[in-house]
Amino acid sequence: MQPSAKNTHSRVRRLGAILVVSTLLPASGAWAADLKLAYSSAATSMDPHFHNASQNIAVARNMFETLTQMDADSRIIPGLAEGWTKVDDLTWEFKLRAAKFQDGSDLTAEDVAWSLQRPNKIENSPSSFAIYTRAIAKTEIVDARTIRLVTATPYPLLPADLTSIFIVSKKASEGITSDKFATPEHMVGTGPYKFESYTPDDRVVMDRFDDYWGGKPAWNNVTIRFMPNDGSRMTALLSGDVNAIENVPTPDIEKVKANPDLVYAAKKTHRMIFLFLDGGRDKSPGVTASDGSPIAKNPLTDVRVRRAINMAIDRKAINDRLMMGLAYPTNNMATDQMMGFDPALETVPFDQAGAKKLLSEAGYPDGFRLVLGTPNNRLLNDERVAQAIAQMLTRIGIRTDVDAVPFSAINTKGNRGDFSAVMMGWGVQTAEASSGIRMMVACPDKARGWGVVNWSNYCNPALTDQLVALTAEMDDTKRNDMLKAAVHTVIDDMAIVPLYFQGMTWAARKGIAIIPRMDERTSAFTFEPAP
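Everything numeric here is computed off the predicted structure, so don't read it as measured data. (Residues numbered from 1 in each chain as written. Predicted model: local features only at pLDDT ≥ 70, side-chain atom pairs only at ≥ 80, totals over all residues. Heavy atoms only, no water.)

J.: In this structure, what is going on with the packing of aromatic side chains? I would like to understand it.
T.: For any pair of aromatic rings, geometry is given as the distance between the ring centres together with the angle between the planes. Applying the stated criterion across every chain, the model contains eight aromatic pairs. Their ring planes at 70 degrees and their centres at 5.8 Å tell us that tyrosine 364 and phenylalanine 368 sit as a pair that is edge-to-face. Exposure class is identical for tyrosine 364 and phenylalanine 368. Each is buried. Among the aromatic residues, ring-to-ring pairing joins Phe274, Phe276, Phe419 and Trp455 into one connected group. Sitting above the plane of the tryptophan 213 ring, arginine 97 keeps its charged end 4.0 Å from the centroid. Sitting over the face of the ring of tryptophan 450, arginine 448 holds its NZ or CZ atom 4.8 Å from the ring centroid. (Phe/Tyr/Trp six-rings, centres within 6.5 Å; stacked < 30°, edge-to-face > 60°. Buried < 20%, exposed > 50% of the residue type's maximum accessible area, 1.4 Å probe, protein only. Lys NZ or Arg CZ within 6 Å of the ring centre and 35° of its normal.)

J.: What is the right way to look at the environment of glutamine 387 in this model?
T.: Counting through the fold element by element, glutamine 387 comes out in helix 11 (residues 382-395). Taking C-alpha positions, glutamine 387 is 16 Å from tyrosine 500, a pair spaced 113 residues apart along the chain. (Helix = DSSP H or I, 4+ residues; strand = E, 2+ residues; numbered from the N terminus.)

J.: Just to check I follow, could you spell out the sheet that holds strand 10 (residues 146-151) for this structure?
T.: Working definition: the strands of a sheet are paired by backbone hydrogen bonds and lie parallel or antiparallel to each other. Strand order in the open sheet formed by four strands is 7-8-10-9, and the pairing between neighbours is antiparallel. Two strands lie at the open edges of the sheet, namely strand 7 (81-88) and strand 9 (136-143), each paired on one side alone. Going from strand to strand, the sheet's axes swing by 20 degrees on average, the running direction of each strand aside. In this structure, strand 8 (residues 91-96) lies alongside strand 10, joined through five bridges in antiparallel fashion. Within the sheet, the bridge partner assigned to tryptophan 92 lies in strand 10 and is leucine 149. Set on the sheet, helix 3 (residues 109-121) makes contact with strand 8, strand 9 and strand 10; between it and strand 9 the angle comes to about 170 degrees. (Pairing = 2+ DSSP bridges. Axes fitted to C-alpha atoms, helices over the stretch in contact; angles between N-to-C directions. Contact = heavy atoms within 4.5 Å.)

J.: Looking at this structure, how should I read empty space enclosed by the protein?
T.: Gaps between atoms show up when a probe of the same size as a water molecule is rolled over them. Considering all chains together, one arrives at six cavities of 30 Å³ or more under this definition. Around the second largest cavity, the lining comprises 23 residues; the ones closest to its centre are Asn52, Phe407, Met424, Gly425 and Trp426. Those elements giving two or more residues to the lining of the second largest cavity turn out to be helix 2 (54-60), strand 16 (262-277), helix 12 (407-416) and strand 21 (421-427). Looking at which element gives the most residues to the lining of the second largest cavity, the answer is strand 21, with four residues. Residues that form the lining of the second largest cavity fall into these classes: eleven nonpolar, nine polar and three charged. (1 Å grid on protein atoms, 1.4 Å probe; cavity = no way out; pocket = protein on both sides within 12 Å on 5 of 7 lines; lining within 4 Å. Points joined across faces, edges and corners; volume = space filled by probe spheres on them. Nonpolar A, V, L, I, M, F, W, Y, C, P; charged D, E, K, R; others polar.)

J.: Quick question: what am I supposed to make of the nonpolar core here?
T.: Most often, soluble globular proteins keep nonpolar side chains buried together rather than apart. In terms of nonpolar packing, the biggest core is built from 156 residues, with Leu275, Phe368, Ile389, Met440 and Phe527 touching the most fellow members. Here this core takes nine residues from strand 22 (residues 496-509), the largest share from any one element. If we ignore the near neighbours within four places in the chain, the residues touching leucine 275 are Ile309, Ile313, Leu372, Ile389, Val422, Met423, Ile496, Val497 and Leu499. (Core = buried A, V, L, I, M, F, W, Y, C linked by side-chain atoms within 4.5 Å.)

J.: Looking at this structure, I do not really get the state of the cysteines. What am I missing?
T.: Any covalent bond linking the sulfur atoms of two cysteines counts as a disulfide. For the structure on display, the rule yields one disulfide. Through a disulfide, cysteine 443 is tied to cysteine 459; the S-S separation comes to 2.1 Å. The chirality of the disulfide connecting cysteine 443 with cysteine 459 is right-handed, given an S-S dihedral of about 100 degrees. Of this pair, cysteine 443 sits in the loop between helix 13 (434-441) and helix 14 (461-470) while cysteine 459 sits in the loop between helix 13 and helix 14, placing them 16 residues apart in sequence. (Disulfide = S-S within 2.5 Å.)

These figures come from the coordinates and say nothing about function on their own.
What follows is the structure, encoded as structure tokens:
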């Protein structure tokens, strides 16, 4: 059984920074207990089950909650479930806490059952949450505050997966399509803040929910501004237009640290920055011969070419020169706090001569041309890092051009198959390596929800067998070894090219304390009035 409701309540209060406050008096003057914070990318949907993207999740978690949750160091703790029990290898029982929805109705097991089924019914999701619910074969409502979830096979990841599924009011959301969700009538959760309004690409406004089960929320009102432009975000903080931001521009970090009117925090996160390389199609749209003419066969299908690309990238230089120490080089699929981490993969290769040799052995002594896609407003220094990688690849004979587009366009192009190579980031959501492998590397499998964003078009039946086995292994020690083996399969094939785990930064006006999170998700919980 998980911790008692009493102990859970005190832990969540500490971790969630839910404090009573009336007035803050920062150095720049007084303001009411309102929080205005700026995100570095815009949400694409208000429906918490539509698009599995970190900025959407960050917005939703102010208003909606999950059965289980992760604390600031990514340890699984109780959420709307005050405790849970593994009845047998197939059955999990969850006890719900006495919580209310923001419309005054009680949270019930029926709402939970509905919320777990809903992601499977949503059509045209760019990245579905259904991967986190597919293991559930049957839902049993025991009573209003008890629900049992039965899996078809042993599935140890269920409590971890449930950290990603927000619980919504069945009454408020049944029959509502995602594009109609963004109204106070439908945006009904149990979280500390109630939805008031949403202006696409601009802001979300929320009010305090006084009947929140965890205690009175810290802020009377919360406004999230979407400010992808680094300069605008910093200017807004310095002027007091907002009083907290995420993703401090790297050139401004030292200035922020030295400013007595500001506070700063940073933390290594689970977000892995990596390259998709299209090794699964004989013809790929962004690859040509070195003179720009059509090429007989996509060179990325050869593992030696993919390994050459991996070896050509100087991750240390990226960290030192572009990322101000906020890039943690890796060839892993997991951080050292996650299951599946293998310290042997922390020694990253950088050998331009060896990379050129591999290209020659693969039949490309003169190289080829490649277009590298990247978002230009989502990851820390994303376009600058992509340009640096392009220069490094060009040095070994792969003449690389960068196609930098807003994040809103990345998913459309990626799902359409427009990329031969693209730099992306994946925020690991289950505190173990299988999360990213199942979503980005596994053979596409609609029934399991695997390979949803497999833009490398990679498919290895041996890896599928490994994933099937490890996701059914209930012994943590055995599963950890199996995870390491799966990671090695991915890296040996260079199914994707891990680059580094990204650090996350925050800054706020004096008078606000920052609680940095390993999952890098920014919300009202990230900030509290300073003691």
